[in-house]
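Residue strings, one per chain:
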Amino acid sequence: MNDEEIYVRLIDVGKEFSGVRVLRNINLDFRKGEIHALVGENGAGKSTVGKIAGGYYSRSSGDLEIFGEAVSHWDPAAALKSGIAMMHQELQLVPELTVAQNVFLGIENNRGSFLTNDEPARLAAVIEVCGFQLDPNARAGSLSLADQQKIEIMRAIARDAKVIVMDEPTSSLTADEADRLHATMRRLRAMGRTIIYVSHFLDHVLSIADRVTIMREGAVVRTGSIAEETKASLVAGMLGDAGADVSYLDKTPPVRGAPPLLSVRGLVSDNGVKGADLEIHPGEIVGLIGLVGSGRTEIARAIFGADKTTAGAVMFDGKDYDDRSPRESVARGLAMVPEDRRKQGLVLSQTVRPNMTLPHLGIFSAGGFMKTGAERNAVRSLIDYFGVSPRHVDGDVVHYSGGNQQKVLLAKWIMEEPKLVILDEPSRGVDLGARRRIHEFIVELARKGAGVLLISSEIEEVLGLAHRAYLVREGRTFREIVPEEQGMDQILWALFHDEQSKTARSHS
Ligand SMILES: Nc1ncnc2c1ncn2[C@@H]1O[C@H](COP(=O)(O)OP(=O)(O)OP(=O)(O)O)[C@@H](O)[C@H]1O
Ligand SMILES: [Mg+2]
């Protein structure tokens, strides 16, 4: 390989955080015009490699060469200036600014004022490359997670980056949107750009990457051509000796004949719910299936009391539940694990322990005193159960890898056993082992008699776990299905159908 063709090279790179070694002797090169995937379990070091390339982390040892030249001082601004952009796993947008302002943030032609006349033209050029459509005047903070992710993609393209680090860019996209992102990635590759692509979706990796690097416990297991890998070989490399069974669990049928634990009729909210009807029985796992933006999360929020509702009736645990609020929900035994863990789930300034126990302090206090021993033991056993890494009761969650933050968040909800749990994208961004444990946890909750409302963009995940599911479109539950009786094609057809008939109408 000609040296000019190597855009980024890590030579014996090591990284430590306060004495803890998280990367060891990393030797890696990223070449011109390749999509190079990084795969590995949560905490393997993928994001850290990306951040070292992008200038967000300095290396503790080893060398870094960018476009063939050794660099010493390296930070995000220097990286961006040389043409290396990073899309973060946890989005970094300014919610108050518009889409266009976020895309051009820091590279405005007219500093201090966003309203330059060539902005629409510049934005059009970016949209041309990425193939996404977004309202340039929409406030970033008002958009769905998927749309916010699109802004990050547009931002990297607007900077004309030669190397783009994409850290789990498809984690909140639907299959269709992920396909579109992949088309964008192929276009960028054809333009000679390099993409460092971190993903837990091995199917995506196999279909789009040119080369793949498998990481485990801070080291490179191997780098090779994607043609030489299969899903099984990747998984085996990621897990090492641990091995893993990735099949779905048996579904225990729920108790029949019991009155519903939750019953929702005609729910309407200010936040986009236009008519939700559903029931969940004790011991039942019920899914909500819909495209991103269909209103699944909004239905969950309306039930939980996070959003104001203007019509409809909710019964929970045999009682009317009209004055809903998150606090009251928790008091009644309803739990909700939100989709956007960074914003809503974790207190990043705190350690693992309070993040898991804060809503449950009641069970750890007696006569006004905290039973700290009991609290620490409970936290420790949940760390073990979910395989949270590092395994520190007092670890700073802000520094945990994305998947490990997700595990902490989930653990919080089994501290006390809730009667009904709403899980919004519970396995997003977690590795296969943790995903398996999360699935076991969901099945186990139901087996003990709790109800579960499961939202996931991966329709297969819902079909594999749920006893029943409701299809959601435009803020409405419009059909109830039993997974075993429905083909994927039928479901997708139903989800897309309305949009097609609407376009047909608007053309007539
Ligand atoms: N700023 C930091 N301070 C301390 N430890 C850190 C920091 N950033 C990362 N780590 C640790 O480094 C290890 C590797 O983390 P990294 O984020 O690179 O993992 P990852 O492979 O991207 O995992 P995931 O799939 O969960 O996103 C983890 O153990 C993590 O806790
Ligand atoms: Mg990561």
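So, here's what we can say about the structure. Here the structure is a predicted model, which is why all the values come from computation and not from measurement.

**Notes on the site of ligand 1**
No. 1: Close to ligand 1 lie 20 residues, the nearest being G43, K46, S47, T48 and S401.
No. 2: For ligand 1, an oxygen atom lies 3.2 Å from a polar atom in the backbone of A44.
No. 3: The side chain of S47 places a nitrogen or oxygen atom 2.8 Å from an oxygen atom of ligand 1.
No. 4: Burial of ligand 1 by the surrounding chains reaches 90%, relative to a free accessible area of 640 Å².
No. 5: Elements represented by at least two residues in the shell around ligand 1 include exactly α1 (46-53) and α14 (402-412).

**What to know about the sheet that holds strand β8 (residues 194-198)**
No. 1: Pairing within the open sheet is mixed, and its six strands lie in the order β6-β7-β8-β3-β9-β10. Here the strands that pair on one side only, and so sit at the sheet edges, are β6 (84-87) and β10 (219-225). Looking at each pair of strands side by side, their axes are set apart by 15° on average, direction ignored.
No. 2: In terms of strand pairing, strand β3 (residues 35-39) meets strand β9 (residues 211-216) through four bridges, oriented parallel. Bridged to H36 within β9 is R211.
No. 3: Along the sheet face, helix α5 (residues 145-158) touches β6 and β7 (163-167) and points at about 180° away from the line of β6.

**Quick word on a nonpolar patch on the surface**
No. 1: On the surface, V347, L358, L361 and M370 cluster together into a nonpolar patch covering about 300 Å² of accessible area.
No. 2: Tracing the sequence through the fold places L361 in the loop between α12 (352-357) and β17 (365-366).
No. 3: Judged by relative accessible area, which is 31%, L361 ranks as partly exposed.

**Description of the packing of aromatic side chains**
No. 1: Within this structure, the stated rule accounts for four aromatic pairs.
No. 2: Taking 5.1 Å as the distance between ring centres and 75° as the angle between the ring planes, the aromatic pair formed by F17 and Y57 counts as edge-to-face. Of the two residues, F17 sits in strand β1 (residues 6-17) while Y57 sits in the loop between α1 and β4 (61-66), which places them 40 residues apart along the sequence.
No. 3: On the basis of relative accessibility, which here comes to 24%, the residue Y57 falls in the partly exposed class.
No. 4: Consider the rings of F386 and F441, whose centres lie 5.8 Å apart with planes at 85°: the pair is edge-to-face. Residue F386 is located in helix α13 (residues 372-386), and its partner F441 is located in helix α15 (residues 432-447); the two are separated by 55 residues in the primary sequence.
No. 5: You can call F386 buried: its relative accessible area is 0%.

**Things to note about the nonpolar core**
One broad rule of soluble globular proteins: the nonpolar side chains tend to lie buried together.
No. 1: By size, the foremost hydrophobic cluster in this structure holds 49 residues, and its most contacted members are I289, M356 and I442.
No. 2: By residue number, the principal contributor to this core is α15, which donates seven residues.
No. 3: In terms of nonpolar packing, the next biggest core, distinct from the first, is built from 47 residues, C130, M154, L181 and I226 among them.

**Section: the pairing of β10**
In the case of a regular strand, side chains alternate between the two sheet surfaces.
No. 1: Here β9 pairs with β10 via six bridges, running antiparallel. The partner of I214 across the bridge, within β10, is R222.
No. 2: Taking the residues that link successive antiparallel strands as the turn, the β9-β10 hairpin has two residues, and the phi of E217 there is positive, at about 45°.

**Description of the sheet that holds β1**
No. 1: The four strands lie next to each other as β2-β1-β4-β5, forming an open sheet whose pairing is antiparallel. Every interior strand has two partners, whereas the edge strands, β2 (20-31) and β5 (69-71), have only one. Each strand of the sheet is rotated relative to its neighbour by a mean of 25°, with strand direction disregarded.
No. 2: Here α1 sits on the sheet in contact with β1, β2 and β4, set at roughly 60° to β2.

**Digging into the environment of L80**
No. 1: Here L80 is to be found in helix α2 (residues 76-82).
No. 2: Among the residues examined, L80 registers a relative accessible area of 34% and is labelled partly exposed.
No. 3: Considered as a pair, L80 and A156 are 76 residues apart in the sequence and their alpha carbons are 9.2 Å apart.
No. 4: Residues contacting L80, with those up to four places away along its chain left out, are A85 and R159.

How each quantity is defined
Residues numbered from 1 in each chain as written. Chains lettered and ligands numbered in written order. Predicted model: local features only at pLDDT ≥ 70, side-chain atom pairs only at ≥ 80, totals over all residues. Heavy atoms only, no water. Near = heavy atom within 4 Å. Polar contact = N/O pair within 3.5 Å; in protein donor to acceptor, adjacent residues only side chain to side chain. Areas by Shrake-Rupley, 256 points an atom, 1.4 Å probe, with all protein chains shown as cover. Helix = DSSP H or I, 4+ residues; strand = E, 2+ residues; numbered from the N terminus. Pairing = 2+ DSSP bridges. Axes fitted to C-alpha atoms, helices over the stretch in contact; angles between N-to-C directions. Contact = heavy atoms within 4.5 Å. Patch = residues over 30% accessible without salt bridge, like charges linked within 9 Å, V, L, I, M, F, W, Y side chains within 5 Å. Salt bridge = Lys/Arg side-chain N within 4 Å of Asp/Glu carboxyl O. Buried < 20%, exposed > 50% of the residue type's maximum accessible area, 1.4 Å probe, protein only. Phe/Tyr/Trp six-rings, centres within 6.5 Å; stacked < 30°, edge-to-face > 60°. Core = buried A, V, L, I, M, F, W, Y, C linked by side-chain atoms within 4.5 Å.

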